[in-house]
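Each chain, written out:
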Amino acid sequence: MKYSFKLSLLILFGLFVASSYSALDVFSSLNNPQKPHYIDGDHNPQYEHNEKEVKEESIVNSHIERIAQITKAVLETCSGCRLKSLPQIRSFIQDDANKYEQFEVKYTRGDPRIHFYNENNIVETIPISELDKNKVNELLLSKGLKLKDTELGL
């Protein structure tokens, strides 16, 4: 839930930034990379403020696009002592991991983490040692992973 809340805030921030100026302002600032100057040579503070908003909107939009394009996820974890000390993660792997399309579990070294992929590139990695079974399920659903048809009762 913590990650979906942050994503919601990020989307709301993007919508707020996008609504705070018109599309005409965005295109005019993109077409004119030179900052206008007053006659005395000072920078126009209004232009600098709009430029910052355009950059922030671009960052928000690229993050939203990356999340929207997640095609698969891989949970990497050790199979030994560390996993035995995390009963919630072990329970997720045993009970829920096989319920998702485009999701797999790989046993490697290190703490449990989920890599989210866009085609063949990792776009985000989230450590899950501190999450319980329900939070891991919420995370996967918030990232757009789908449950298999058999799990939906279809």
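Above this note sits the structure.
Residues numbered from 1 in each chain as written. Predicted model: local features only at pLDDT ≥ 70, side-chain atom pairs only at ≥ 80, totals over all residues. Heavy atoms only, no water.

Points about the overall build of the protein chain
Stated precisely, the cut-off is as follows: Each helix is a run of DSSP H or I of at least 4 residues and each strand a run of E of at least 2, with the numbering of both proceeding from the N terminus. Here the term buried applies to any residue with accessible area under 20% of the maximum for its type, exposed to any over 50%, and partly exposed to those in between, with areas from a 1.4 Å probe on protein chains only. The contact criterion used is simple: two residues touch if any of their non-hydrogen atoms lie within 4.5 Å. What sets the accessible areas is the Shrake-Rupley method with a 1.4 Å probe; for residues, cover comes only from the shown protein chains.
Each helix and strand in the protein chain was counted, giving seven helices and four strands. For the protein chain, with 154 residues in total, the buried portion stands at 31%. Restricting the contact set of the protein chain to residue pairs at least 6 apart, pairs at least 24 apart contribute 68%. Counting only carbon and sulfur atoms, one obtains 55% of the accessible surface of the protein chain, whose full area is about 10100 Å².

Observations regarding the sheet that holds strand 1 (residues 72-77)
This is how it is decided: Paired strands, in this sense, are two strands between which DSSP finds at least two bridges. Simply put, an axis is a line fit to the C-alpha atoms, just over the touching stretch for a helix, and the angle between two N-to-C directions goes from 0 to 180 degrees.
Pairing is mixed across the open sheet formed by four strands, whose spatial order is 2-1-3-4. The sheet is open, and its two edges are formed by strand 2 (103-107) and strand 4 (121-127), each paired on a single side. The sheet shows a mean angle of 25° between the axes of neighbouring strands, taken without regard to direction. Note that strand 1 and strand 2 share five bridges and pair parallel. The residue bridging Leu-75 from the neighbouring strand is Val-105, located in strand 2.

Re the packing of helix 5 (residues 87-95) against helix 6 (residues 133-142)
Any two packed helices are characterised by how steeply their axes cross, that is the angle between the axes, and by the distance between the axes. To keep it simple, the criterion reads: Any angle between 65 and 115 degrees counts as roughly perpendicular, while under 35 counts as roughly parallel, over 145 as roughly antiparallel, and the rest as oblique. Here the term charged refers only to Asp, Glu, Lys and Arg, the term nonpolar to Ala, Val, Leu, Ile, Met, Phe, Trp, Tyr, Cys and Pro, and the term polar to all other amino acids, Gly among them.
Relative to each other, helix 5 and helix 6 sit at 55°, their axes nearing to 8 Å. Here helix 6 runs oblique to helix 5, going by the angle between their axes. Contact residues: Gln-88, Ile-89, Ser-91, Phe-92 and Asp-95 in helix 5; Lys-133, Val-136, Asn-137 and Leu-140 in helix 6. Taken together, the residues that form the contact of helix 5 with helix 6 break down as four nonpolar, three polar and two charged.

A look at helix 6
Our working definition: The directions from the helix axis to the C-beta atoms are what the arc is built from. Nitrogen and oxygen atoms within 3.5 Å of one another constitute a polar contact, given that in protein one can donate a hydrogen and the other can accept it, and given that sequence-neighbouring residues count only through two side-chain atoms.
Taken together, the buried positions of helix 6 are occupied by Lys-133, Val-136, Asn-137, Leu-139 and Leu-140. What you see down the axis of helix 6 is that its buried residues fit within an arc of 160°, all on one side. You can read the cap of helix 6 off the contacts: a side-chain oxygen lies 3.2 Å from the backbone nitrogen of Asn-134, and it is on Asp-132. Immediately beyond the C-terminal end of helix 6, within one or two residues, lies Gly-144, with a positive phi of roughly 95°.

Concerning helix 5
Where helix 5 is concerned, the buried positions are Ile-89, Phe-92 and Ile-93. Down the axis of helix 5, the buried side of the element spans an arc of 95°, and every buried residue falls inside it. Elements in contact with the buried residues of helix 5: strand 1, helix 4 (81-84), strand 2 and helix 6.

Let's talk about the pattern of salt bridges
To be explicit about the condition: Salt-bridge detection follows one rule: a side-chain nitrogen of Lys or Arg within 4 Å of a carboxyl oxygen of Asp or Glu.
Counted according to the given criterion, the structure contains five salt bridges. Where Glu-124 meets Lys-143, a salt bridge forms, and the shortest distance between an N and an O atom there is 2.6 Å. Remark: Lys-143 occurs in the loop between helix 6 and helix 7 (149-152) and Glu-124 occurs in strand 4; sequence separation between them is 19 residues. Looking at Lys-143, the relative accessible area reads 7%, which means it is buried.

Re the side chain of Thr-77
Within the secondary structure layout, Thr-77 lies in strand 1. Excluding its chain neighbours within four sequence positions, the residues that come into contact with Thr-77 are Leu-83, Ile-93, Lys-106, Tyr-107, Thr-108, Gly-110 and Pro-112.

What to know about the pairing of strand 3 (residues 113-118)
With six of six residues buried, strand 3 lies mostly within the body of the structure. Sheet topology places strand 1 next to strand 3; five bridges connect them, and they run antiparallel. Looking across to strand 3, one finds that Glu-76 is bridged to Arg-113. Examined bridge by bridge, strand 3 and strand 4 share six bridges and lie antiparallel to one another.

Just geometry here; none of it tells us what the structure is for.
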